[in-house]
Amino acid sequence: MTCTLLIGFDLIGCTEPFTPESKAYKGVLVVDGFVSDAEARSSIKLTRSSPIDVAIPTPESNAIVSVINKEGTSFEFEETSPGVYQSIAGGFKGVVGQVYSLDVLTDNGNHYQSRPVLLKKSPPIDSVYFEPSVRLSDIDGDTITGAAIFIDTHDDTNSTKYYRWEWEEDWEIRVPYPNTYDWITYEDGKFGFPKENGNQIGLCYNHEVGRNIHIATTNQLSSDQVSKFELNYVTTRDGYKLRSLYSILVRQYALDEEAFLYWSELEKTSETLGTLFDPQPYELRGNVFNTDDPDETVLGYFGASTVEEKRLYITREQLKDIKYPTNPCSQDLLEVEYRYVYDHLEAGYVIAYLGDYGAISLYMAPKDCCDCRFNGVLEKPDFWPL
């Protein structure tokens, strides 16, 4: 209890802390499921939604999950990690033109099914390409330079109409002062002269998955053709992304009208979500329902489509005419006498290079300017060019 003394009125006012009442939060089932004709195992993710102040949803474990085709054949999925269920190896491969439904029996005995979905065939991607682009920053209003990435596709049979894309990107990280030195540490804790350890930590790689929703429809057009649809805008402010070699892998899916409407509504929700007064995810239902209680809210969607992929590489040479911000590492290089090296090591600097033979000083830079592992990993992706 908090008491306040009001001297002028000779009163003592006491206020008791107020905690608003709230009903116990009951998470709803969230389904993120998709099957295709790919050789890779199909995956279904089940979670329970969390309160607005909790970022991580709760995995729905110990469920019995299967996919059933129109003839009633059931393909079982196994839980490979909490809340993630994958088709048993060699047990399921989707067929174009076949109809599938998702079937889920949760650990507490609730039974869920999806409405039947048709596995549609996606047409090939015609091209994924980029164009240098100068735009205004949403943050500070300054002009920024970068690469706008587009996709072209079409369907000669005029039967796709609804499209969705996902992408993931990878890039090289080449630090300006790759560190190849180690310090010998003596028992008294002092550092001796550097020695070369042979471990090159100047080249790393990083990976990121696009989280925005990208959909388009040609339903109102005379031809089933998507031209110059922008998927991503990568700027020269995005760290190392465009400073050496950049790659984006695009996946294309064919949707039916119901799936397109779902993704359209989800796109609107994700654009506005951010405060208590914005539309919340629980307002959007997908195609999954409780067989015993159709009024129960179930989030997410179960879909089916073939997947088309295309990868694009962008080199620094291809962007030589655009403006790059000054690399802060070039401004942070310090010339340090050997006797003061330890002080700078404690401050987060490492050796950039030694300088001329016989010099009494060397050059040091912040760790992330010398060691690429602060921004990525050393392991090169399997698909990366030599």
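Every value quoted in this text rests on a predicted model; they were computed, and no experiment measured them.

**Student:** Quick question: what am I supposed to make of the sheet that holds strand E19 (residues 225-235) here?
**Tutor:** Ordered in space as E12-E13-E19, the 3 strands form an open sheet in which the pairing is antiparallel. Sheet topology places strand E12 (125-136) and E19 at the edges, where each strand pairs with a single neighbour. Recorded for the sheet is a direction-independent mean angle of 25 degrees between the axes of neighbouring strands. Bridge analysis of E12 against strand E13 (residues 143-154) gives 11 bridges, and the strand direction is antiparallel. The residue bridging phenylalanine 130 from the neighbouring strand is isoleucine 149, located in E13.

**Student:** Help me understand the packing of aromatic side chains, please; the structure alone is not making it clear to me.
**Tutor:** The geometry of an aromatic ring pair is captured by two quantities: the separation of the ring centres and the angle between the planes. Considering all chains together, one arrives at 13 aromatic pairs under this definition. Judged by centre distance (6.2 Å) and plane angle (50 degrees), the ring pair of phenylalanine 77 and phenylalanine 92 falls under tilted. Of the two residues, phenylalanine 77 is situated in strand E7 (residues 74-81) and phenylalanine 92 in the loop between strand E8 (84-87) and strand E9 (99-105); the sequence distance between them amounts to 15 residues. Comparing phenylalanine 77 with phenylalanine 92 shows no difference in burial state: the two are buried. Each ring, one from tyrosine 262 and one from tryptophan 263, has its centre 5.6 Å from the other, and the planes form 80 degrees; the classification is edge-to-face. The class for tyrosine 262 is buried, based on a relative accessible area of 10%. Positioned above the aromatic ring of tyrosine 253, the side-chain terminus of arginine 164 is 4.7 Å from the ring centre. The lysine or arginine in question, lysine 241, covers the ring of tryptophan 171, its NZ or CZ lying 4.9 Å from the ring centre.

**Student:** Can you walk me through the confidence of the model for the chain in this structure?
**Tutor:** The predicted structure's coordinates, where accompanied by low pLDDT, should not be read in detail. The predicted model of the chain averages 84 in pLDDT, with 82% of residues at 70 or higher. Taken together, the stretch residues 18-22 has pLDDT below 50 and engages in 0 contacts with residues farther than four places along the chain or on a different chain.

**Student:** Mind showing me how you'd approach the nonpolar core here?
**Tutor:** Side chains of a nonpolar character, in soluble globular proteins, are inclined to be buried together. Judged by nonpolar contacts, the single largest core of 35 residues is most densely connected at Ile149, Trp165, Tyr246, Val250, Ile314 and Leu319. Those elements that place two or more of their residues in this core are E12, E13, strand E14 (162-174), E19, strand E20 (245-255), strand E23 (307-315), strand E25 (349-353) and helix H3 (367-370). The element contributing the most residues to this core is E14, with 5 residues. Leaving out residues up to four positions away in the same chain, leucine 319 has contacts with Phe130, Pro132, Ala147, Leu242, Ile314 and Tyr324.

About the thresholds
Residues numbered from 1 in each chain as written. Predicted model: local features only at pLDDT ≥ 70, side-chain atom pairs only at ≥ 80, totals over all residues. Heavy atoms only, no water. Pairing = 2+ DSSP bridges. Helix = DSSP H or I, 4+ residues; strand = E, 2+ residues; numbered from the N terminus. Axes fitted to C-alpha atoms, helices over the stretch in contact; angles between N-to-C directions. Phe/Tyr/Trp six-rings, centres within 6.5 Å; stacked < 30°, edge-to-face > 60°. Buried < 20%, exposed > 50% of the residue type's maximum accessible area, 1.4 Å probe, protein only. Lys NZ or Arg CZ within 6 Å of the ring centre and 35° of its normal. pLDDT = per-residue confidence, 0-100. Contact = heavy atoms within 4.5 Å. Core = buried A, V, L, I, M, F, W, Y, C linked by side-chain atoms within 4.5 Å.

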